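Chain residues, written in single-letter form:
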Amino acid sequence: MPEGDSVLQLSRRLQFMTGREVTGCSVRVPQHATVDLTGTICERVWPYGKHLFMQFDQIIVHTHLKMEGTWAIHYAGERWRKPGHSARIVVQLAHSPRDIELVGHWLGFVDIFHADQYYGRIAHLGPDILDPDWDREEAARRVRARPQRSIGTALLDQTVVAGIGNEYRAEVCFLAGIHPATPVAEVDVEHVLDISRRIMWANRNSPIRVTTGVRRAGETTYVFGRNRKRCRRCGTMIQKDSLGGVDRGGDEGELERIIWFCPHCQPKVKQ
């Protein structure tokens, strides 16, 4: 599932949409199948956490990629590189010499609503960790609201902090020297949030996500995806386990997510 930095980069790639007229539209989601954006102008495209928003006149299209979603860009009339049955929304935009076709494939979530509903629709989400005006204090307050909850679960809850996913969760916990199952009450919350913000902000413009400072293939992460490999700090074997979590910002409900950790650098707190 893409994390906040990936969605931020996607929104940047789609900035060409701004100011263009919609010349054709097909929404292949039953509850919005009658929506036709033809004739509207794309006013702006922006991210919030893992969510992507596009505004056409006074209509907002809200999408979430979830596990498999992608946006593909074609010239009108070109053959799609992905199967047609996977398209959930198609927007054709005026362009010379040929119109551009933007196709959302396998999107995990699609909603369409009037622009005046926007703030109500995102009110449940926590502060966006990649917002230039990131509100660390509010995020810390939301994390601490459930002191017995594990820090690993809290970091994935989009109603607490918007934008952190499983890869960053694993790396943040390692860099903070805490096991993901550690209760929030036992954690320096501001320190964890500062690490999260710092490494995600550092990666916001990079096509390669790096938390180790090394961009060579196979050396970009400390623990994520490295089960039974040596810890880069102490040489102990990295372990893999599972930890219940939530991503309540994407209508996903309860999730069981894989965690990776070093037993030596991230000792589990005894209950």
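Scope of this entry: the structure provided in the associated data block. (Residues numbered from 1 in each chain as written. Predicted model: local features only at pLDDT ≥ 70, side-chain atom pairs only at ≥ 80, totals over all residues. Heavy atoms only, no water.)

1. Re the overall build of the protein chain
Point 1. If you tally the helices and strands in the protein chain, you get 6 helices and 10 strands.
Point 2. For 271 residues, the compact-globule estimate of 2.2 N^0.38 gives 18 Å, and the protein chain sits close to it at 20 Å.
Point 3. Dimensions of the protein chain along its principal axes, counting C-alpha atoms only, are 60 × 40 × 30 Å.
Point 4. Considering only contacts in the protein chain between residues 6 or more positions apart, those separated by 24 or more positions represent 63%. (Helix = DSSP H or I, 4+ residues; strand = E, 2+ residues; numbered from the N terminus. Rg over C-alpha atoms; globule rule 2.2 N^0.38 Å. Contact = heavy atoms within 4.5 Å.)

2. Topic: the sheet that holds strand β8 (residues 109–114)
Point 1. Read from one edge to the other, the open sheet built from 4 strands follows the order β2-β3-β4-β8, with strand pairing classed as antiparallel. In this open sheet, the two strands that pair with only one neighbour each are β2 (42–48) and β8. Across the sheet, the mean angle from the axis of one strand to that of its neighbour is 15°, orientation sign disregarded.
Point 2. Pairing between β2 and strand β3 (residues 51–56): 6 bridges, direction antiparallel. Counterpart to R44 in the pairing with β3 is Q55.
Point 3. Seen against the sheet, helix α1 (residues 4–13) touches β2 and β3 and runs at an angle of roughly 165° to β2. (Pairing = 2+ DSSP bridges. Axes fitted to C-alpha atoms, helices over the stretch in contact; angles between N-to-C directions.)

3. Describing the nonpolar core
Point 1. Counting 26 residues, the largest nonpolar core has I151, L155, V161, V192 and L193 as the members making the most contacts within it.
Point 2. Element by element, the count of residues in this core is highest for helix α6 (residues 189–203), at 6 residues.
Point 3. Contact partners of L193, with chain neighbours within four places excluded, come to W134, R136, A139, A140, L155 and V161.
Point 4. By size, the runner-up hydrophobic cluster in this structure holds 23 residues, among which are L14, L37, V45 and L102. (Core = buried A, V, L, I, M, F, W, Y, C linked by side-chain atoms within 4.5 Å. Buried < 20%, exposed > 50% of the residue type's maximum accessible area, 1.4 Å probe, protein only.)

4. Re the layout of surface pockets
Point 1. The calculated volume of the largest pocket comes to roughly 230 Å³.
Point 2. Every residue lining the largest pocket is counted, 15 residues in all, and those nearest its centre are W46, P47, D128, D131 and P132.
Point 3. Contributions of two or more residues to the lining of the largest pocket are made by α1, β2 and α2 (118–121).
Point 4. If you tally residues by element for the lining of the largest pocket, the top one is β2, at 4 residues.
Point 5. Per-class residue counts for the lining of the largest pocket are 10 nonpolar, no polar and 5 charged. (1 Å grid on protein atoms, 1.4 Å probe; cavity = no way out; pocket = protein on both sides within 12 Å on 5 of 7 lines; lining within 4 Å. Points joined across faces, edges and corners; volume = space filled by probe spheres on them. Nonpolar A, V, L, I, M, F, W, Y, C, P; charged D, E, K, R; others polar.)

5. Examining the packing of aromatic side chains
Point 1. Under the definition given, this model contains 6 aromatic pairs.
Point 2. For the ring pair F53 and Y118, a centre distance of 5.1 Å and an interplane angle of 90° mean the geometry is edge-to-face. With F53 in strand β3 and Y118 in helix α2, the pair connects residues that are 65 residues apart, well separated along the chain. Across the pair, exposure class does not vary: F53 and Y118 are buried alike.
Point 3. Measuring from centroid to centroid gives 4.7 Å for F224 and W260, while their planes differ by 65°, and the two rings are edge-to-face. With F224 in the loop between α6 and β9 (239–246) and W260 in strand β10 (residues 254–261), this residue pair connects regions lying 36 residues apart in the sequence.
Point 4. Accessibility expressed as a relative area gives 25% for F224, which makes it partly exposed.
Point 5. Judged by relative accessible area, W260 falls into the buried class, the value being 10%.
Point 6. In this structure an aromatic cluster arises from ring pairing among W46, F53, Y118 and Y119.
Point 7. Over the face of the ring belonging to W201 we find R204, whose NZ or CZ atom lies 3.8 Å from the ring centre. (Phe/Tyr/Trp six-rings, centres within 6.5 Å; stacked < 30°, edge-to-face > 60°. Lys NZ or Arg CZ within 6 Å of the ring centre and 35° of its normal.)

6. Description of the pattern of salt bridges
Point 1. Applying the stated criterion to the full structure yields 10 salt bridges.
Point 2. Taking the shortest distance from any N to any O, the salt bridge between E219 and R216 comes out at 3.1 Å.
Point 3. Residue R216 is classed as exposed on the basis of its relative accessible area, which comes to 53%. (Salt bridge = Lys/Arg side-chain N within 4 Å of Asp/Glu carboxyl O.)

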